[in-house]
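Now for the letters of each chain:
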Amino acid sequence: MPVGLFRVCLLVITAIVNHPLFFPKENGTVPESTEEIIQKMKEREESLRLEQLRLEQEIADQEATQKALEKAAVVVEESKEEKVRWDMWTALSMVIFLLIELWRQDFQEGNWQDIGGEEDDMAVLGKAFKGVAFPDKAVLASFYEKRILGTTADMARMREMVEGFADDLLEALRSVCNRDADMEVEDCMGVGSMYENWRVRKPFVCDLIVPFAPPEPYCFRCQTWCSGDSFPPDEQGYGTIKVCRADEDVTGCICDKTKLGEDMLCLLHSQVSSTRPSSEMEDLLCFKNTQYLDADQVMKWFQIAVTKAWNRISHKYEFDLSFSLLDSPGALKIKFKSGKSIAFNLTPVVQYENSDVYFISHFPRSSLAADVPSSTHWFLTFAVYERRFIQLVSKTLPANACHVSCLQILSFLHGKQCSLTGPSGLTNYHLKTVLLHLLQACPSQDWAPEKLEARLQDMLKFLEKCLHEKKLYHFFIGNEKVPAELGFPIIFQRAEPLNLFRPFVLRRDIYRKMVDTFHEMLRNMSALINEYTVHIPLAHTNGIRKE
């Protein structure tokens, strides 16, 4: 009985506890049907499938991007390898080209003066002479006698008058200058065509150079492009001039090149001598904040000094003196009351060491120094040695040699052509350089007066060759065959030859104008000469040709 009663109580308690209304479920839901559960499982499956597809698409996109990057890397690597190979071939080609060019230049430079025996080559080069009527000996002789020969006496009288006046003017200049502070002016020297007796075109202009030196205790230290330091190609032919104290060893002491500490002192130079105020260097005509001589400052000083000197002596003369050209500071003109005038150039120069090579501040009426790198760069002139060389060679030539006549005729023709078609890059200095080369190359007997026609043709053909190759070398620079009697500085003989046509290589318009002017001159040569030639009977001309 107790056991049965216990079981009944246990059953009642279990029924009460499990009754749903006794403990309601807060989150409980009514059991769903089987169909709803299946439907939700399908929806879940579909969402999972879509998610899988999305993930697969992303993975595929990433793989495609990775492959594209790898392919691009491969292409870049291949392009780099190809570029390296191309660069190697380009470098190799450039090296081969440079070697060939250096060999060609060395070959030419070794033979650039050996033109005396190249008659066949000269004949081949005369392509521009085809169809050109070249004047014969009789016509050239008549032209020279009528147009050119009479100017020699006029040049001699003018040289004498200008030199005398220039000496008086420079003496007055010395008297107005401060000997303790201003530059010391030396005697002037005549250079150029007027003093080499080949100037033919009027007005006659004398070119005088005036060497000057700094006051004590200063001196000039000159440095050229061939002195060992590297100069750019466009600065070849130039140099710089440093103003130093006479007791300053610029080559042996580095105190001016190295910044010394405050507690260090140079044993060779005191602090007073090593530091110079900027105003002191400007008084010495140096470029601002440097020790290098300024060509513009020198010309301003020289103009002021010449003006003061003329004011002191003007009462002694019955003419006026003035500066004639704005772009040529040393160009002076003497004006007489009759209306006549005489022009001359007075140009300050600096002597290079103990030679007759000079640093010139500017070239009057010339394009040789048209593009000066800066006002501290001075062009070197060898005009004194050129004059001496012509005088030395003239002593070995036959009487009445035709070398000066050739240069005079060629200069006249070139001047006439320029007056018709305008100026070109070709100058009388280029024509003179051609003559100097031929004087050294040709035997003395080839300059006999009866060979004027042949030598004139040689000059024209040599000039044509130089124009074709764009190379006309300076006669003295790099020429180891300069006669020892001239005492020419060895440093310039051993230097690399200087190409006077180098400025025209990059300026094709000027080069084209120069070549066209030369060809026009050849075509107009007979007409220009016949215009100033007395008529010669044909029988007389034929008789001369038969001889």
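Residues numbered from 1 in each chain as written. Predicted model: local features only at pLDDT ≥ 70, side-chain atom pairs only at ≥ 80, totals over all residues. Heavy atoms only, no water.

Overview of the UniProt feature "coiled-coil region" (unreviewed entry) in the protein
Our working rule: UniProt positions are given in the numbering used here, feature names are shortened, and annotations may be inferred rather than shown by experiment. Numbering of helices and strands starts at the N terminus; helices are DSSP runs of H or I of at least 4 residues and strands are runs of E of at least 2.
When the UniProt feature table is mapped to this numbering, "coiled-coil region" (unreviewed entry) covers residues 38–72. Here residues 38–72 is 100% helix and 0% strand, with 51 Å between the C-alpha atoms at its ends.

Concerning the packing of helix α10 (residues 403–421) against helix α11 (residues 428–441)
How two helices sit against one another is set out by the angle between their axes and by the gap between those axes. Defined as follows: For helices, the fitted line uses only the C-alpha atoms of the stretch in contact; every axis is such a line through C-alpha atoms, and the angle between N-to-C directions lies from 0 to 180 degrees. Relative orientations are named as follows: roughly parallel for angles under 35 degrees, roughly antiparallel for angles over 145 degrees, roughly perpendicular for angles from 65 to 115 degrees, and oblique for any other angle. We call a crossing left-handed when the near helix sits turned anticlockwise from the far one by less than a right angle, and right-handed when that turn is clockwise. Contacts were defined at the residue level, with two residues in contact if any of their heavy atoms lie within 4.5 Å. Any residue outside Ala, Val, Leu, Ile, Met, Phe, Trp, Tyr, Cys, Pro, Asp, Glu, Lys and Arg is labelled polar, Gly included; the first ten of those are nonpolar and the last four are charged.
Where α10 contacts α11, the axes come no closer than 10 Å and their chain directions differ by 155°. Here α10 lies roughly antiparallel to α11, going by the angle between them. The handedness of the crossing between α10 and α11 comes out as right-handed. Where α10 abuts α11, its residues His403, Leu407, Leu410, Ser411 and His414 lie against Asn428, Leu431, Lys432, Leu435 and Leu439. Class assignment for the residues of the contact of α10 with α11 results in five nonpolar, four polar and one charged.

Structural notes on the pairing of strand β5 (residues 238–245)
Under the convention used in this document: Each residue is assigned to one of three classes by its accessible area relative to the maximum for its type, calculated with a 1.4 Å probe on protein chains only: buried under 20%, partly exposed between the two thresholds, exposed over 50%. A pair of strands is labelled paired if DSSP reports no fewer than 2 bridges between them.
By the criterion of burial, β5 is predominantly enclosed, with seven of the eight residues buried. Inspection of the sheet shows strand β4 (residues 218–224) paired to β5 by seven bridges, in the antiparallel sense. Looking at the pairing, threonine 224 lines up with glycine 239 of β5. Both β5 and strand β10 (residues 378–381) contribute to a ladder of two bridges, which runs antiparallel. Of the residues in β10, the one forming a bridge with glycine 239 is tryptophan 378.

Notes on the packing of aromatic side chains
Put simply, the test is: The rule is short: rings of Phe, Tyr and Trp, with Trp giving its six-membered ring, pair when the centres are within 6.5 Å, and they are stacked under 30 degrees, edge-to-face over 60, tilted in between. We count a charge as sitting over a ring when the NZ of a lysine or the CZ of an arginine lies within 6 Å of the ring centre and within 35 degrees of the ring normal.
Per the stated rule, a full pass over the model turns up 27 aromatic pairs. By the ring-pair criterion, three or more aromatic residues cluster together here, those being Trp225, Tyr352, Phe359, Phe382, Tyr385, Phe389, Phe475, Phe476, Phe488 and Phe492. If you follow arginine 159 out to its NZ or CZ, it ends over the ring of tyrosine 195, 5.8 Å from the centre. Above the face of the tyrosine 385 ring, arginine 388 is positioned so that its terminal group lies 5.7 Å from the ring centre.

Some thoughts on the state of the cysteines
What counts here: Disulfides are defined as pairs of cysteine sulfur atoms found within 2.5 Å of each other.
Under the defined criterion, the tally for this structure stands at zero disulfides. This cysteine, cysteine 286, is not joined by any disulfide, and cysteine 244 carries the nearest cysteine sulfur, 8.9 Å off. A relative accessible area of 2% places cysteine 286 in the buried class.

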